[in-house]
Structures are given as C-alpha cells and as structure tokens.
Amino acid sequence: MTWNSEQHGINTMPSTPIPTPLHFGNLLRIAIWPLAWAVVTAIASAALSIAPLWCIYRIAVELFSAQPDMEAVWRLSWWALGLLFLRWALMVASHVLAHVGAFAIQHRLRLALVQRLNQVPLSFFAGRGSGSLRRTLTDDVNGLEGFFAHMLPDVVAAATVPVMALALLFVADWRLALAALVPLPLAVLAQWWWMRGMGERMREWGELQKRIANQVGEYVRGVHVVKSFGLDARSFGELASAVRGAVVWVQDYARHSSGGWVMFTGLLTANLVIVAPLGAWLYTQDTLDLPTYVLFLLVAPAVLAPLLRLTFALGEQFQRAQAMQRVDAVLQAPVVSEAVNAYVPDAALDIEFIHIRHCYGESLALEDVSFHAGAGRLTALVGASGSGKSTLARLIPRLYEFEFGELRIGGVDVRQWPLDALLARLGIVFQEVFLFHGTVHDNLAMARPDASDAQIEAAARAACAHEFIMALPQGYDTALGERGARLSGGERQRLSIARALLKDAPILLLDEATASVDAENEALIQQALDTLCQDRTVLMIAHRLHSVMHADHIVVMDGGTLVGQGTHAELLEHCPGYQRLWRDHEGARDWSLGHTRTEAEPHA
Ligand SMILES: Nc1ncnc2c1ncn2[C@@H]1O[C@H](COP(=O)(O)OP(=O)(O)OP(=O)(O)O)[C@@H](O)[C@H]1O
C-alpha cells in the first residue's frame, strides 16, 4: 500500500501558504490526522504500560491467598504478556505515525521557506549571514521535525502514565497514593528555582549558535586565504571568540543549574523512600495487605519519574520555540511587491532611468541618475570602483528596490511589470558565475528547461564553450563540483554566456567579465559576447574602456552620480570624468605593454 498524503490529511501543497505567525497549532494542522492518531496510540500504549503491573498485582493476590489458584496465575501471566506486546505494537504505530506527520511538516516548511526566499529582495540577505539562514533551513526545520516525530509521542506518554498510575494507586489505597505524591511540590519548587531566567539564557545560547554558524560558514568560504597565511581556525578571531563564548556559557549554565537539577531529579525518583517504609508500617498495623504493598512498590515510581521526561520536553520546547521564531521571521519577510494592475507593455524594450536615488541602509549609492538605454543598442556603464554601476544593474531585475525616481522598461515602470514576465525578458551575465551541483547539461538547461540537446550544443558552440566541454571526462554529462570548482574562471564565464544565449532574452545585463582572464580566454569570451549582444538591448558594466569604445552609448558614473553620457568621441571631447578614466586606462595599458616589452627585451 502506498501512502497517499492527501487522503491521510497531510497537506503538502506549497501553494497553500502556512498561516503566520507560526505556532505549534498551525504546524500541527499541516498533518493533523497522522499526528492525532499518533497521540491516540501513544495514550493507549502508555495506559497499557500500567496494565501488566495490574496483572502482576492480581498474581500476587492469588499467590498470597490461602489457596492460590495456579490456573488463574497462568491466565494472568498470559494476559500480562499479551498486554505488553500490544503496548509495544501501539508504541511502534505511534512512532511511525508521528514520523509521517513530522516529515510532512518538515517538507511543507522547507518548501514554504524556499518559496519565500525566492520572493524576497536581495536586501533581505544582506542583513543576514549565510550561515544563520542555512541553519534556519536545515537545523531549525530538522529540529521541528524531531520535535513532532519524537517529543510528541514521548510527552503524551509521559503525561498519561502518571495519571493512569495514580488512578490505580488511589483505587488500591488512597493513603499510600497520597504519600507517593509528597515529593512533587518540593520537586516543582526545585524546578522553578532551576528554570529561573532560562528563557533569557536559551536566547543567549541561540545567539551564540548563530554567531558560530556564521563564522564557521565564513571560515569555510575563506579557508584558502586562511591557509595561504599559515593560520588555523583559532586565529580566525571572530570564530575563536564565538566558540570561547559558548564554552563560558556552558560553564556558567552548569554552575547555576546543577544544584537545582540534582534536587529535582532526586525528588522525582525518590517517592519509594516514603512509600516503602510507610507501607511496611501500615502492613505491620494490619491496615494494608501484602499484594497492595507489592503493587505500590511496582507502580509508585511510575507516578513521578515520567515527569522528568516532561521537563526535558519543556527545555526542548524553549529551543523549538526559538527555531520557530527564526523560521517565522523568514516566512514573514516582506516580498518584492507586485502591482495589482501589472502588465507587459507591447513596445520595444528600452530601459530608462529617471532621477533614480538608491541607498543601502543609510549610505547613499545613487543620486539623481537619469539616462536612456535604447532598444537593440549597447549601452555601457563606466566609472571608478564603487561609483554605482552594479547597483544600477541590480535595480532592473528588482534585486533591490530604489528609493526615488522611475525605472521604465518598454515605457512601463519595473514595479508595474509582473515580476515573472520581467525576469523572463532579462538575460544576466555577471562576473561571479554560479554553477550548481549537477552536470554541464543541467547547468545550461536551467536557462531553458525544454531546450533540446541540439539547442544546448548550439548555444555552447556560439559561446565558444563546446570544445572545452567535450574535453571534459563525460562531455556534457560531466558533473560540476560545488560552485563549478573544476572549471577555470574563463570557462565558467563562457558557460554563463551559453546559458544567456539559451534563454534568448531581449534584454541583456552584462558585467564585463574579461578583466581577470588570460588573453586567449578574453578573446574567446569577447567573441561569445559579440554573438550574445546581437539585436538585444544591452546594458554593459565595463571595467576596461577599450571594450566599450564602440558602444552606442556610454554612461559615466562617479560617486553615485552620472557625470556624463554620449559616444566615446563625444565624451572624450566634453566629459572631464571620462577623459580622466581614459587617461588612466591608456596609462595602465602603456604600463602593461611597456612592462611586457621590458620583460621580453632580454630574450629578444
Ligand atoms: N549590498 C550592499 N550593501 C551596502 N553597500 C553596498 C552594497 N553593494 C554596494 N554597496 C556600496 O554602494 C556603492 C556602489 O557600489 P557598486 O557595487 O554599485 O559600485 P560599482 O561601480 O559597481 O563598483 P565595482 O566596479 O567595484 O563593482 C559603493 O559605495 C558600495 O560600497
């Protein structure tokens, strides 16, 4: 039989959003039926844990009677064994059902988180370390799964067993039953003492864990730099300080909590210390029979000891509540808004920046920038590092929302475009090429999932990538490591150009990517780019001026403002900012050529 999640009340469809703010109630609702059955079977199994003890009590009654009925003793023994097996079967059923429900919750949460992360602007990620976000998607979601899979049946059992045991003891002898409860108020007092300020402490612990996760993420990303300087994790200051902070926290926690904890656990497991002598005294007074005394010796520990489990669950609950808050913060993160009356214009797709102003937090990145990138033309953005070129490009796919002004594509403000339609019309080639785990083919096909093998190959050929792909061990089926580690920068760049060619979008955002590659790769990439740019609206961030001399339009940026625009010739004549850039560029070229010459001369 296959498990049909819909039939069994598990709603895994990502299209139904999870109601926020998140709490245990709305998580439970995701998988209400399996979890409800898990609770029912857990209660039944917990109740049955007491039943064999009742059989043993009845056996004792027989054995201590004047004429023991051995047949009844055997019958009761078989009953005890049968009930024990039934209890185990119910326990297994409860755990299986709890896991089914918990996995449904985990699956739904993950989908909802990934969906949300797809919809938030880039500024959301800027304020968070990638480590802490990864922790939310993995550890926090796993923790919630674990809570429902393990804690739920355990907690239900831990709460049921004492109630059943106490009911049985009160039926047998109310005086000893009360005695079995005596340590409880003292244990609660010790527990209160032990738990004081726990919420604050757990919050501190959560913060420390977040810091460590971020720092470990950073350490792993920068491990080549750390190694190249002959350092190790201890010399990675922030990471070392976060780990030391955790050690101090644990020491402090142990110092403050151990006394109360020892008292609490001691009291909860010590009711026999009262029940045993009191029962013996009542027996000597002839007000208690021996089988009842045996029953108390067997069952009294089950009245309080399971409460220990409940305490663990409470501690666990603190952590899960924090995990839930972190998951909730992502699920409630503001998404890129989409206009109600969004529409796709039926016009040539030019790009127009009108008095654009943008800040990253408090710091101003663009001020009053206006220019027009004509449809089907190549517009280049030039300027010193930090002048705002990339920021302008990032505003087009709405990776960031600008503060003031208008940004029109095809005559319509980007905020009036349906986001999917906008992104479908953009091809993006940035310097940092991200390649996913998967084959070369998968990495290319992501640009157009329905592309045929022939189309993929044609794009690769046009991007001058086919030859190096065929030289890989399995050609297009070669798996690429994390971040495409097995490919050179130039090869990755050509793959990303092939992707853009496959997507065949009418607008192209290009971060000129030839700055850091060798001459052979530069020529190949340039050739690929020339093919890619044909008949498209191209906005190109240019780091080397000679590559944009022939652009239709050049926009010169300086310190977040536009200081000139026109063709290369016009700017050389009128724009001091461009003249300076050109002088620097020519100077650098002379230096590099001169440098090459002087190095080459001795061999001439
Ligand atoms: N995510 C960010 N958060 C905060 N400030 C940023 C962010 N990205 C860029 N900036 C700042 O905004 C300004 C413009 O940066 P931008 O990357 O747009 O310049 P650029 O001209 O593309 O530089 P480069 O040529 O070096 O890439 C800079 O002062 C930069 O420090």
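Keep in mind it's a predicted model, so treat the numbers as computed, not measured.

### Let's talk about the overall build of the protein
When helices and strands are tallied, the protein shows 22 helices and 12 strands. Counting only residues that meet the buried cut, the protein has 33% of its 604 residues in that class.

### Re helix α7 (residues 183–195)
Spanning 13 residues, α7 covers 18 Å between terminal C-alpha atoms, matching the ideal 18 Å at 1.5 Å per step. Along α7, the residues that are buried comprise P183, A187, A190, Q191 and W194. All buried residues of α7 fall inside an arc of 105° around its axis, so they share one side. Among the exposed residues of α7, those pointing more than 90 degrees away from its buried face are P185 and W192.

### Considerations on the UniProt feature "transmembrane region" (unreviewed entry) in the protein
In the numbering used here, UniProt assigns the "transmembrane region" (unreviewed entry) feature to residues 35–59, 79–105, 151–170, 176–194, 261–284 and 290–312. Across residues 151–170, the secondary structure splits into 100% helix and 0% strand, with the terminal C-alpha atoms separated by 29 Å. Within the segment residues 176–194, helix and strand shares are 95% and 0% respectively, and the terminal C-alpha atoms sit 29 Å apart.

### Side note on the nonpolar core
Membership of the largest hydrophobic core comes to 69 residues, with the highest contact counts inside it found for A380, L381, A498 and M540. It is helix α19 (residues 489–503) that provides the largest number of residues to this core, a total of 6 residues. Setting aside anything within four residues of it in sequence, one finds A380 in contact with M540, A542, V548, A551, I554 and V555. Formed by 67 residues, the second largest nonpolar core is a distinct cluster that contains F147, F148, A180 and F296.

### Topic: the site of the ligand
Taken together, 12 residues form the shell around the ligand, and within it Y360, S385, K389, S390 and T391 come nearest. Listing elements by their share of the shell around the ligand, those giving two or more residues are β2 (363–373) and α14 (389–395). Ranked by residue count, the leading element in the shell around the ligand is α14, at 3 residues. Here the shell around the ligand is composed, by residue class, of 3 nonpolar, 8 polar and 1 charged.

### Details of the sheet that holds β2
Taken in spatial order, the 4 strands of this open sheet run β2-β1-β4-β5, and their pairing is antiparallel. Of all strands in the sheet, those with a lone pairing partner are β2 and β5 (412–413), marking the two edges. Pairing between strand β4 (residues 404–409) and β5: 2 bridges, direction antiparallel. Its bridge partner lying in β5, R408 is registered against D413.

### Digging into the sheet that holds strand β12 (residues 561–566)
In space, the 6 strands of this open sheet follow the order β6-β9-β10-β3-β11-β12, with mixed pairing throughout. In this open sheet, the two strands that pair with only one neighbour each are β6 (426–429) and β12. Recorded for the sheet is a direction-independent mean angle of 15° between the axes of neighbouring strands. Inspection of the sheet shows strand β9 (residues 507–511) paired to strand β10 (residues 537–541) by 5 bridges, in the parallel sense. Residue pairing in the sheet places L508 in a bridge with V538 of β10. Taken strand by strand, α19 contacts β6 and β9, and its axis lies near 175° from that of β6.

### Observations regarding the packing of helix α17 (residues 453–462) against α19
Closest axis-to-axis distance for the α17/α19 pair is 8 Å, and the angle between their directions is 130°. Taken together, the axis directions place α17 and α19 in an arrangement best described as oblique. By crossing handedness, the relation of α17 to α19 is classed as right-handed. Residue-level contacts link Q455, I456, A459, A460 and A462 of α17 to A498, L501 and L502 of α19. Within the contact of α17 with α19, the residues separate by chemical class into 7 nonpolar, 1 polar and no charged.

### Some points on helix α10 (residues 237–268)
Between the first and last C-alpha of α10 there are 45 Å, a value that for 32 residues agrees with the 46 Å anticipated at 1.5 Å per step. At S257, α10 shows its largest kink, close to 45°. Listed as buried for α10 are L239, A242, F264, L267 and L268. Check the buried side of α10 and you find it contacts α7, α8 (198–221) and α13 (301–331).

### Digging into the pairing of β2
Strand direction decides the pairing type here: strand β1 (residues 351–360) and β2, joined by 7 bridges, are antiparallel. Within β2, the position partnered with I351 by the bridge is A373. With antiparallel pairing between neighbouring strands as the criterion, β1 and β2 make up a hairpin whose turn holds 2 residues, including G361 at a positive phi of roughly 60°.

### Quick notes on the environment of L480
Relative to the helices and strands, L480 resides in strand β8 (residues 479–480). Non-local contacts of L480, meaning those with residues more than four positions away in its chain, are made with L435, G438, V440, N443, R486 and L487.

### Some remarks on the packing of helix α2 (residues 32–64) against helix α12 (residues 290–299)
Running from amino to carboxyl end, α2 crosses α12 at an angle of 155°, the nearest separation of the two axes being 8 Å. As judged from the angle between their axes, α2 and α12 are roughly antiparallel. Crossing of α2 over α12 shows right-handed handedness. Residue-level contacts link I50, L53, I56, Y57, A60, V61 and F64 of α2 to L290, P291, V294, L295, L298 and V299 of α12. Partitioning the contact of α2 with α12 into residue classes produces 13 nonpolar, no polar and no charged.

### Topic: the pairing of strand β3 (residues 378–383)
One face of the sheet, then the other: side chains in a regular strand alternate in exactly this way. When you tally the buried positions in β3, you get 6 out of 6 residues, the bulk of the element. Every second residue of β3 is oriented toward a common face, with L378, A380 and V382 on one face and T379, L381 and G383 on the other, all of them buried. Of the pairings in the sheet, the one linking β3 to strand β11 (residues 553–558) comprises 5 bridges and is parallel in character. For T379, the partnering residue across the bridge sits in β11 and is H553.

Criteria and cut-off values
Residues numbered from 1 in each chain as written. Predicted model: local features only at pLDDT ≥ 70, side-chain atom pairs only at ≥ 80, totals over all residues. Helix = DSSP H or I, 4+ residues; strand = E, 2+ residues; numbered from the N terminus. Buried ≥ 20, exposed ≤ 12 C-beta atoms within 10 Å, placed from the backbone. Expected span 1.5 Å × (residues − 1). Arc of directions from axis to C-beta. UniProt positions renumbered as here; feature names shortened; annotations may be inferred. Core = buried A, V, L, I, M, F, W, Y, C linked by C-beta atoms within 7 Å. Contact = placed C-beta atoms within 7 Å. Near = placed C-beta within 6 Å. Nonpolar A, V, L, I, M, F, W, Y, C, P; charged D, E, K, R; others polar. Pairing = 2+ DSSP bridges. Axes fitted to C-alpha atoms, helices over the stretch in contact; angles between N-to-C directions. Parallel < 35°, antiparallel > 145°, perpendicular 65-115°, else oblique. Left-handed = near helix turned anticlockwise from the far one by under 90°. Bend = angle between axes of the 7 residues up to and from the residue.

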